[in-house]
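# Residue-level structural notes
Listed below, chain by chain, are the residues.
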Amino acid sequence: SQTIHQWPATLVQPVGSPLSLECTVEGTSNPNLYWYRQAAGRGLQLLFYSVGIGQISSEVPQNLSASRPQDRQFILSSKKLLLSDSGFYLCAWSRDRASFYGYTFGSGTRLTVV
Amino acid sequence: GENVGLHLPTLSVQEGDNSIINCAYSNSASDYFIWYKQESGKGPQFIIDIRSNMDKRQGQRVTVLLNKTVKHLSLQIAATQPGDSAVYFCAEKRGTYKYIFGTGTRLKVLA
């Protein structure tokens, strides 16, 4: 069966520090991978998605970047965090072409920038 | 961005009553929709889905209704239980790779 792992679960980082959040998927190949952010009490904002190694689509220009160095690995990064980067970050995967399967989400990383 | 910047509406329901959560979608060409449940501090979990060639689909205690004429989706939960308390999101398939999420509704079950 497929599983998705996301870590760390919580993170407190000072303003201006770098960020690296990692997400890996097991039990499938060539998944579509996604990073979402959720501000407290709000909806889900798509940040990046990837349909293959090295292929990254950015939905919202901002202080973050994403990379996919391996088929089942998706990384969210920042060189210098801002206070506004605080939120709940969710990684998700879907089957190739995502026809009628939807997403499976990870358990999320709660990032607090102080 | 899609559907961000709005605080979540809340639906309060007495335990044992039925709940109806509504969602409006924007793209008349969307062919697939999903309802997700998100408990506090966790990632959203799939509840039920429906394709655009259907008007209704039933699961265990949940029913999704799709009205393509007015681009409206609803989730009905029968005999609501305390464990149903969560935020519920509808998601609309947009293109090949993406889903667009609604703003979400917080369901509070009152004992």
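Sequence order as written defines the numbering, with residues in each chain counted from 1. Chains carry letters and ligands carry numbers; both start at the beginning, A for chains and 1 for ligands, and go up in the order they are written. For a predicted model such as this one, the threshold for reporting local features is a pLDDT of at least 70, and the threshold for listing and counting side-chain atom pairs is 80 or more; totals across whole chains, interfaces and linings nevertheless cover every residue. Side-chain measures were taken over the full set of non-hydrogen atoms in the model, leaving aside hydrogen atoms and water.

## Details of the state of the cysteines
What makes a disulfide is a covalent bond joining the sulfur atoms belonging to two cysteines. Here, the term disulfide refers to a pair of cysteine sulfur atoms separated by no more than 2.5 Å. Enumeration over the complete set of coordinates arrives at two disulfides over all chains. Residue Cys23 of chain A pairs covalently with Cys91 of chain A via a disulfide, S to S 2.0 Å. As the torsion about the S-S bond is roughly -75 degrees, the Cys23 of chain A-Cys91 of chain A disulfide counts as left-handed. Placement of the pair is Cys23 of chain A in strand S3 (residues 19–26) and Cys91 of chain A in strand S9 (residues 87–94), with a sequence separation of 68 residues. For each residue, the accessible area found with a 1.4 Å probe, counting protein chains only, is set against the maximum for its type, and the residue is called buried under 20%, exposed over 50%, and partly exposed in between. Taking the relative accessible area as the measure of exposure, Cys23 of chain A reaches 1% and is therefore buried. A relative accessible area of 0% places Cys91 of chain A in the buried class. The disulfide partner of Cys23 of chain B is Cys90 of chain B, and the gap between their sulfur atoms is 1.6 Å. Remark: Cys90 of chain B occurs in strand S8 (residues 86–94) and Cys23 of chain B occurs in strand S2 (residues 19–24); sequence separation between them is 67 residues. Neither Cys23 of chain B nor Cys90 of chain B differs from the other in exposure class; each is buried. Note on conventions: DSSP H or I runs of at least 4 residues are helices, E runs of at least 2 residues are strands, and numbering of each starts at the N terminus.

## A closer look at the environment of Arg57 of chain B
Residue and element names in this part refer to chain B. Within the secondary structure, Arg57 sits in strand S5 (residues 56–58). Assessed through its relative accessible area of 35%, Arg57 is described here as partly exposed. Sequence spacing of Arg57 and Leu75 is 18 residues, and the spatial spacing of their C-alpha atoms is 9.9 Å. Residues are treated as being in contact if the distance between any of their heavy atoms lies within 4.5 Å. Arg57 has contacts with Ile48, Asp49, Ile50, Val62, Thr63 and Val64, leaving out every residue within four places of it along the chain.

## Observations concerning the interface of chain A and chain B
Interface size is commonly expressed as the accessible area that is lost once the parts come together. On the side of chain B, 27 residues touch chain A, which itself brings 26 residues to the contact. By buried area we mean the combined loss of accessible area, with a 1.4 Å probe, across both parts when two parts are placed together. Contact between chain A and chain B buries roughly 2300 Å² in total, counting both sides, with carbon and sulfur atoms accounting for 56%. Any Lys or Arg side-chain nitrogen found within 4 Å of a carboxyl oxygen on Asp or Glu counts as a salt bridge. Between chain A and chain B we count one salt bridge in total. Linking Glu59 of chain A and Lys98 of chain B is a salt bridge whose minimum nitrogen-to-oxygen distance equals 3.0 Å. Elements represented by at least two residues in the side of chain A that touches chain B include exactly strand S4 (32–38), strand S5 (44–52) and S9 of chain A. In terms of residues, the side of chain A that touches chain B owes the most to one element, S5 of chain A, which gives five residues.

## Thoughts on the sheet that holds strand S1 (residues 3–7) of chain A
All names here are of chain A. Pairing within the open sheet is antiparallel, and its four strands lie in the order S1-S3-S8-S7. Looking at the sheet topology across the chains shown, the edges are occupied by S1 and strand S7 (65–70). Strand-to-strand, the axes of this sheet are offset by a mean angle of 20 degrees, without reference to chain direction. Two strands pair if DSSP finds at least two bridges between them. Direction of pairing for S3 relative to strand S8 (residues 73–78): antiparallel, over a ladder of six bridges. Opposite Leu21, over in S8, you have Leu76 as the bridge partner. Only the stretch in contact is used when a helix axis is fitted, and all axes are lines through C-alpha atoms; the angle between N-to-C directions ranges over 0 to 180 degrees.

## Some details on the pattern of salt bridges
Residues and elements named next belong to chain B. Considering all chains together, one arrives at nine salt bridges over all chains under this definition. We note a salt bridge from Asp55 to Lys68, for which the minimum N-O separation is 3.3 Å. Highlighted residues: Asp55 in the loop between strand S4 (45–51) and S5 and Lys68 in the loop between strand S6 (62–67) and strand S7 (72–77), separated in sequence by 13 residues. Its relative accessible area of 37% is what places Lys68 among the partly exposed residues.

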